[in-house]
Amino acid sequence: MNLIIVINCLKMMCSIILLGIRYFVITRSPLLGGLQATRESEVRYTAQAIRANPENESPWRYLRGLYKGETESFIKDSYISELCLEILRRSTHFVFALSLLLDLLCYGFEPSAEFATLIESEGGSSQSNNLASTICSILEKVDSMRSNYWRWRKGHLPPEIC
């Protein structure tokens, strides 16, 4: 049992290192044309990694990094919101999908009705009209390691989405 835990930890560490190296090469190599030229293929690559292992936080963080400083592009890329929907529909490991959706909402993303329905089905209260607050409440319950963070985040949501 302990060997399995060690192997899984090593896999995640390798994933973190490889994605970090990949980002460095893409953003620093003039031959590749920079992040703008490779973003679409990198988003597709990252989506494959997320689909393969949605409970691995590394590709979710890498996906955010691909849009660092470009929040408008981040919220307008429908591929990202569709990926969140896909993971929420099919997986019991949805913490990172909800976290990314929360970030999108805080940046101004306008969710479809399907998002609200899925969030409600994951245990969200239908009493709140605020999807971001509902997501924080769900994450507070299902992500016990970070429950204090989610409680804090809920109290510090941007006023325009509350």
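Right above here is the structure, for reference.
Quick caveat, the model's predicted, so the values are computed rather than measured.

Quick look at the pattern of salt bridges now. Inspection of the entire model under this criterion finds 11 salt bridges. Residues Arg61 and Glu57 are paired through a salt bridge, measuring 2.9 Å at the closest nitrogen-oxygen approach. Residue Arg61 and its partner Glu57 are located together in helix α3 (residues 57-65), separated by four residues, close to a single helical turn. Of the charged contacts in the structure, one is a salt bridge between Arg153 and Asp103, with a shortest N-O distance of 2.7 Å. A residue pair is termed long-range when its members are at least 10 positions apart, and Arg153 in helix α9 (residues 147-155) and Asp103 in helix α6 (residues 95-107) qualify at 50 residues. A single burial state applies to Arg153 and to Asp103, both of which are buried.

With that settled, the discussion passes to the packing of aromatic side chains. Under the counting rule described, the total for this entry stands at five aromatic pairs. Here Tyr67 and Phe74 contribute two aromatic rings whose centre-to-centre distance is 5.4 Å and whose plane-to-plane angle is 40°, an arrangement assigned as tilted. Exposure remark for Phe74: the relative accessible area of 4% places this residue in the buried category. Members of the aromatic cluster, joined through ring pairs, are Tyr67, Phe74 and Tyr107.

Attention shifts here to the environment of Arg151. Relative to the helices and strands, Arg151 is located in helix α9. When the C-alpha positions of Arg151 and Glu140 are compared, they lie 6.4 Å apart, and in sequence the two are 11 residues distant. For Arg151, the side chain forms a polar contact with the side chain of Asn148, separated by 2.6 Å.

Analysis parameters
Residues numbered from 1 in each chain as written. Predicted model: local features only at pLDDT ≥ 70, side-chain atom pairs only at ≥ 80, totals over all residues. Heavy atoms only, no water. Salt bridge = Lys/Arg side-chain N within 4 Å of Asp/Glu carboxyl O. Helix = DSSP H or I, 4+ residues; strand = E, 2+ residues; numbered from the N terminus. Buried < 20%, exposed > 50% of the residue type's maximum accessible area, 1.4 Å probe, protein only. Phe/Tyr/Trp six-rings, centres within 6.5 Å; stacked < 30°, edge-to-face > 60°. Polar contact = N/O pair within 3.5 Å; in protein donor to acceptor, adjacent residues only side chain to side chain.

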